[in-house]
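# Fold and contact review
In case you want the letters, here they are:
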Amino acid sequence: MLVPAAEQAPSVVATPPLLRADNLTKVFRHRGSLFTRPTFSTAISDVSLELGSAETLGIVGESGSGKTTLGRTVLRLLVPDFGRLYFNGEEITELSERQLRPIRPKMQPIFQDPRTSVNPQLRIWQTVTEGLRIRGNDAPPKELQREAVHWLEQVGLRAEVSRRHPRELSSGELQRVVIARALCVAPELLVSDEPLSALDVSARAQIVNLLLDLQERYRTGMLFISHDLRLVRYMSHRILVMYLGHVVETGSATEVYEQSLHPYTRALLNAGDVPLSSRRSLRVVLEGPSPDPSRPPTGCTFHPRCPRAEAGRCDREAPELLPVSPDSTHRVACYFPCV
């Protein structure tokens, strides 16, 4: 029986960690018109994280919080404007595409909609072995098909699926194909960006259990990005909560869900109907839309929606992400945390 990540023994991040990001910042430029100037929006700001092998770090936040940009930056699909990115102890921040080529197979994405991430013209075995062919594997088609069948069976699909086209499969089956494609190149890191949102309830449960099983089997590190708070808790060893590009709280899954301190984290938990411990009973309700990233509020970016904000402080100076106690891994960026 699979044990949820949050109930497993706390993981210890290896030295060096599989993945490390130091103060990552990504700014997007939006074109102006003939009469208006270009605008800039900071999608992620000063984000730091570490991830060990066989560990899952859950990334949670509202739409527009910077979750997807963080995932794409970690994969070096986007180049950070500031900060440093390390993979297996090697800095990859400014590597060229040619220099990244041998590293790409070790860092694999699983995107939200499987139908937009596969070529509808290819048979499934060709899709699964696509990464091998891109890397220059010139094995005969029959050998590649056998390799594809092996990985399809690892994700619970029958060998006959290898001869089909994507249109012949359900979304749940196709997401398994995408996972098989990622595993085929022996990745060390998976970045799963809302991998279940396009699936029905039964398929979601199957894919969740599959990801947990495969991670346990292959010791793969994973960034798990989702708006589903219950799911993030089930999948993750540690949680990172983002708001408007900033990390506002981070810690173990147990700390963030049972001892949440930031008003935004508490509001997300309340909105997701996630039960809080009796010691953390203060309810926070989000009011109003998230601010425009191109015109972020001064001070703490959450202060316009925060019921605990105090004028003269929260609206003037952004709080640092600090540990709750000297030796704690639980950190929060708030002057007046919930208790």
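Here the residue index of a chain counts from 1 through its sequence in written order. Only residues with pLDDT of at least 70 get local features here, since the model is predicted, and only at 80 or more are side-chain atom pairs given and counted; chain-wide, interface and lining totals rely on the full set of residues. Each side-chain value is derived from all of the structure's non-hydrogen atoms; neither hydrogens nor water enter the calculation.

Looking now at the overall build of the protein. Helix and strand counts for the protein stand at ten helices and twelve strands. Throughout, radius of gyration means the C-alpha value; the globule benchmark is 2.2 Å times the number of residues raised to the power 0.38. Against the compact-globule benchmark of 20 Å for 339 residues, the protein has a radius of gyration of 21 Å, which places it among compact chains. Viewed in the frame of its principal axes, the protein has a C-alpha envelope of about 70 × 55 × 40 Å. Relative accessible area decides the class of each residue, using a 1.4 Å probe on protein chains only: under 20% of the type maximum gives buried, over 50% gives exposed, and in between gives partly exposed. Looking at the protein as a whole, 48% of its 339 residues are labelled buried. For the protein, the proportion of contacts with a sequence separation of at least 24, taken over those separated by at least 6, is 64%. As displayed, the protein has an accessible area near 16,900 Å², and 49% of this comes from carbon and sulfur atoms. Here a helix means four or more residues in a row that DSSP labels H or I, a strand means two or more in a row labelled E, and each is numbered from the N terminus. Throughout, a residue-residue contact means that at least one pair of heavy atoms, one from each residue, lies within 4.5 Å. Only the protein chains shown count as cover for residues, with accessible areas throughout obtained via the Shrake-Rupley method and a probe of 1.4 Å.

By definition, two strands form a pair when at least two bridges between them are found by DSSP. One open sheet accounts for four strands, arranged 2-1-4-5; its pairing is antiparallel. Strand pairing shows two members of the sheet lacking a second neighbour, strand 2 (39–51) and strand 5 (90–91), which therefore form its edges. Two elements, strand 1 (residues 19–30) and strand 4 (residues 82–87), share five bridges in a ladder whose sense is antiparallel. What sits directly across from Ala-21, in strand 4, is Leu-85.

Below, the discussion takes up the packing of aromatic side chains. Each aromatic pair joins two rings of Phe, Tyr and Trp (for Trp, the six-membered one) with centres within 6.5 Å, and gets the label stacked for planes under 30 degrees apart, edge-to-face for over 60, and tilted for any other angle. Considering all chains together, one arrives at four aromatic pairs under this definition. Plain terms: the ring middles of Trp-151 and Tyr-218 are 5.7 Å apart, the flat faces sit at 50° to each other, and that makes the pair tilted. Here Trp-151 is found in helix 5 (residues 141–154), whereas its partner Tyr-218 is found in helix 7 (residues 201–218), with 67 residues between them in sequence. Judged by its relative accessible area of 11%, Trp-151 falls in the buried class.

Before going further, it helps to spend a moment on the sheet that holds strand 3 (residues 56–60). Read from one edge to the other, the open sheet built from eight strands follows the order 6-7-8-3-9-10-12-11, with strand pairing classed as mixed. A single partner strand is all that each edge strand has here, and the edge strands are strand 6 (107–110) and strand 11 (322–323). With two bridges connecting them, strand 11 and strand 12 (residues 331–332) associate as antiparallel partners. Bridged to Pro-323 within strand 12 is Arg-331.

The next thing to look at is the nonpolar core. Among buried residues, those of type Ala, Val, Leu, Ile, Met, Phe, Trp, Tyr and Cys that are joined through side-chain atoms within 4.5 Å constitute a nonpolar core. Among the nonpolar cores identified, the biggest contains 55 residues, and Val-128 and Ile-179 are the most heavily contacted of them. Top element by residues in this core is helix 6 (residues 171–184). It accounts for eight residues. Core analysis: the next-biggest nonpolar cluster, separate from the first, contains 27 residues, Leu-51, Ile-59, Leu-70 and Val-74 among them.

Once that is clear, we can look at the side chain of His-262. Looking at where His-262 falls in the secondary structure, it is placed in the loop between helix 9 (253–258) and helix 10 (263–271). Pairing of N or O atoms within 3.5 Å defines a polar contact, subject to two protein rules: one partner must be a possible hydrogen donor and the other a possible acceptor, and residues neighboring in sequence count only if both atoms are side-chain atoms. Within polar-contact distance, the side chain of His-262 engages the backbone nitrogen of Tyr-264 at 3.0 Å. Those residues in contact with His-262, other than ones at most four positions away along the chain, are Val-248, Glu-249, Phe-302, Val-332, Ala-333, Cys-334 and Cys-338.

Moving on, we get to the pattern of salt bridges. We define a salt bridge as a contact between a side-chain nitrogen of Lys or Arg and a carboxyl oxygen of Asp or Glu at a distance within 4 Å. Under the counting rule described, the total for this entry stands at 13 salt bridges. A salt bridge links Glu-94 to Arg-84; the shortest N-O distance between them is 3.5 Å. Here Glu-94, found in the loop between strand 5 and helix 2 (97–100), pairs with Arg-84, found in strand 4; they are ten residues apart in sequence, far enough to count as distant. What makes Arg-84 partly exposed here is its relative accessible area of 35%. A salt bridge links Asp-213 to Arg-217; the shortest N-O distance between them is 2.4 Å. Here Asp-213 and its partner Arg-217 are both found in helix 7, four residues apart, which amounts to about one turn of the helix.

Here Tyr-234 shows up in helix 8 (residues 229–235). Residue classification places Tyr-234 among the partly exposed positions, given a relative accessible area of 28%. Taking the C-alpha atoms as reference points, Tyr-234 and Pro-263, separated by 29 residues in sequence, lie 22 Å from one another.

Counting buried residues in helix 10 gives eight out of nine residues, a clear majority hidden from the surface. All of the buried residues along helix 10 are Pro-263, Tyr-264, Thr-265, Arg-266, Ala-267, Leu-268, Leu-269 and Asn-270. Residues of helix 10 that are buried sit in contact with helix 8, strand 9 (238–243), strand 10 (246–252) and helix 9.

Side-chain direction in a regular strand flips from residue to residue, so the side chains alternate between the two faces of the sheet. Of all the seven residues making up strand 10, five are buried; the element is thus mostly covered by neighbouring parts of the structure. Judged from the six bridges that link them, strand 9 and strand 10 form a sheet pairing that is antiparallel. For Tyr-243, the partnering residue across the bridge sits in strand 10 and is His-246. Linking strand 9 back to strand 10 in an antiparallel pair, the connection comprises two residues, with Leu-244 at a positive phi of about 50°. Across two bridges, strand 10 lies against strand 12 in antiparallel orientation. Residue pairing in the sheet places Thr-250 in a bridge with Arg-331 of strand 12.

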